[in-house]
Amino acid sequence: MSNLEERPDEVTCAAGSTTVEVVAPRLVPFGGPRGMTVRRTLPQRGRSLIGAWCFLDHYGPDDVASTGGMVVAPHPHTGLQTVSWLFTGEVQHRDSLGTAAMVRPGELNLMTAGRGISHSEVSPPGTTTLHGAQLWVALPDGARFVDPAFDHHAPAPRTGDGWVARVFLGSLLGETSPVSTHTPLLGAELLLEPGARLDLDVDPSFEHGVLVDTGSVHAAGEAVEAHELAYVPPGAGVLALHAGAEGARLLVLGGPPFGEAIVMWWNFVGRDHDEVVAHRAAWQAQVEAGAGADGSPDHAVDGPFGVVPGESLAPIPAPDLPRVRLRERR
């Protein structure tokens, strides 16, 4: 998914907290005045990273007839992995590797951008409701220029007393995802019946995030309502969850503190201002090479980010950079 804010903020990411935090989402328009609105809980000024997880957009249930659904033309990424997870609906993913894959509920699509990739995401005509989450994972310094890649995994549900889990990254509840990552990560969907209690055995070196999709839950003793994200610092080997009277659906994310400062702007994750400027210039040159007579994007031209085969939508131009130097903090 692209960050479609017209004036995307520079986001300086760093970790550090010793208490459970509950983060409310901020609303971000996505795709124009009639388009979708997403709820963004990462990054925010008070919390930018949970492990290597650096971006979390949560959306829907969205009436496609009213908003037009997801229509995201080809756009670039560097230095990260995208994680797509749906609750309802379908999205057609195409990328410059030649991948054409449908994102479906309960199935993981993980795209590694590495040194650079472009992709598009479009909800097909048969999708009437869209509901899901789009997440990004920052690649560590030793892996951020790897070759682009794409992985798909449909985790089998694991059930217990009052709960159902799908572990799409890492290990939890006796299940381990076969999808490899460049830093240790945890990603799982949990469905909790009304009043259900579940004590998760977790890695005490991880920090964890609990995003509540529907219902409410107490996570590590803190009340978390629908659409909120709880941050749980490292230290405990058990993450206690207690669903409210209506039950809950939630995502559990985790990983060890990232330990690297990153600069994130638009769709790029870099380490300093100049690197992000270079990524933007490379993408914009590729877009402008395919411009029509009026100067607007007309068709795709190959370049560092590749061309998305089979995609008729013209690529998205890069927004203007802020008029100040992008900052890096550690």
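Keep in mind that what you see is a predicted model, and the values were worked out from it rather than measured.

Draft legend 1. Focus on the overall build of the chain. Broken down by element type, the chain carries two helices and 25 strands. A compact globule built from 330 residues would reach a C-alpha radius of gyration of about 20 Å, and the chain, at 19 Å, matches this within 12%. Dimensions along the principal axes, computed over C-alpha positions, put the chain at roughly 60 × 45 × 35 Å. Relative to its 330 residues, the chain shows a buried fraction of 57%. For the chain, contacts bridging at least 24 residues in sequence account for 72% of all contacts bridging at least 6. Taking the average place of the 22 positive charges on the side chains of the chain and the average place of its 39 negative ones, the gap between the two points comes to 5 Å.

Draft legend 2. The pairing of strand 22 (residues 229-232), seen in detail. Residues of strand 22 alternate between two faces, with Leu229 and Tyr231 on one and Ala230 and Val232 on the opposite face, all of them buried. Pairing geometry for strand 2 (residues 21-23) and strand 22, over three bridges, is antiparallel. Residue pairing across strands places Glu21 opposite Tyr231, the latter belonging to strand 22. Taken together, the four bridges between strand 20 (residues 207-219) and strand 22 define a ladder with antiparallel strand orientation. By the bridge assignment for strand 22, Leu211 is matched with Leu229.

Draft legend 3. Spatial organisation of the pattern of salt bridges. Across all of its chains, the model carries 11 salt bridges by this definition. Among the salt bridges present, the one from Glu90 reaches Arg104, with a minimum N-O distance of 3.0 Å. Note that Glu90 is positioned in the loop between strand 7 (80-88) and strand 8 (91-95) and Arg104 in the loop between strand 9 (100-103) and strand 10 (108-112), a separation of 14 residues in sequence. Judged by its relative accessible area of 36%, Arg104 is partly exposed. In this structure, Glu275 engages Arg144 in a salt bridge whose closest nitrogen and oxygen atoms are separated by 2.5 Å. Residue Glu275 is found in helix 2 (residues 273-289), and its partner Arg144 is found in the loop between strand 12 (129-138) and strand 13 (149-153); the two are separated by 131 residues along the sequence. Of the residues examined, Glu275 reaches a relative accessible area of 14% and is grouped as buried. A residue is classified by how much of its surface remains accessible, and Arg144, at 9% relative accessible area, is buried. Connected through salt bridges with shared partners, the residues Asp141, Arg144 and Glu275 form a single ionic network.

Draft legend 4. Summary view of the nonpolar core. If you look at the biggest cluster of nonpolar residues, it comprises 36 residues, and the most contacted ones within it are Trp53, Cys54, Val83, Leu108, Phe168 and Leu169. For this core, the secondary structure elements donating two or more residues are strand 5 (53-63), strand 7, strand 10, strand 12, strand 15 (163-169), strand 22, strand 23 (238-255) and strand 24 (262-265). Dropping the residues within four chain positions of it, Val83 is found in contact with Trp53, Leu108, Asn109, Leu110, Ala133, Gln134, Leu135, Val137, Phe168 and Leu169. Membership of the second largest hydrophobic core comes to 27 residues, among which are Ala165, Leu190, Ala219 and Leu241.

Cut-offs used in this document
Residues numbered from 1 in each chain as written. Predicted model: local features only at pLDDT ≥ 70, side-chain atom pairs only at ≥ 80, totals over all residues. Heavy atoms only, no water. Helix = DSSP H or I, 4+ residues; strand = E, 2+ residues; numbered from the N terminus. Rg over C-alpha atoms; globule rule 2.2 N^0.38 Å. Buried < 20%, exposed > 50% of the residue type's maximum accessible area, 1.4 Å probe, protein only. Contact = heavy atoms within 4.5 Å. Lys, Arg positive; Asp, Glu negative; His and termini not counted. Charge placed at Lys NZ, Arg CZ, Asp CG, Glu CD. Pairing = 2+ DSSP bridges. Salt bridge = Lys/Arg side-chain N within 4 Å of Asp/Glu carboxyl O. Core = buried A, V, L, I, M, F, W, Y, C linked by side-chain atoms within 4.5 Å.

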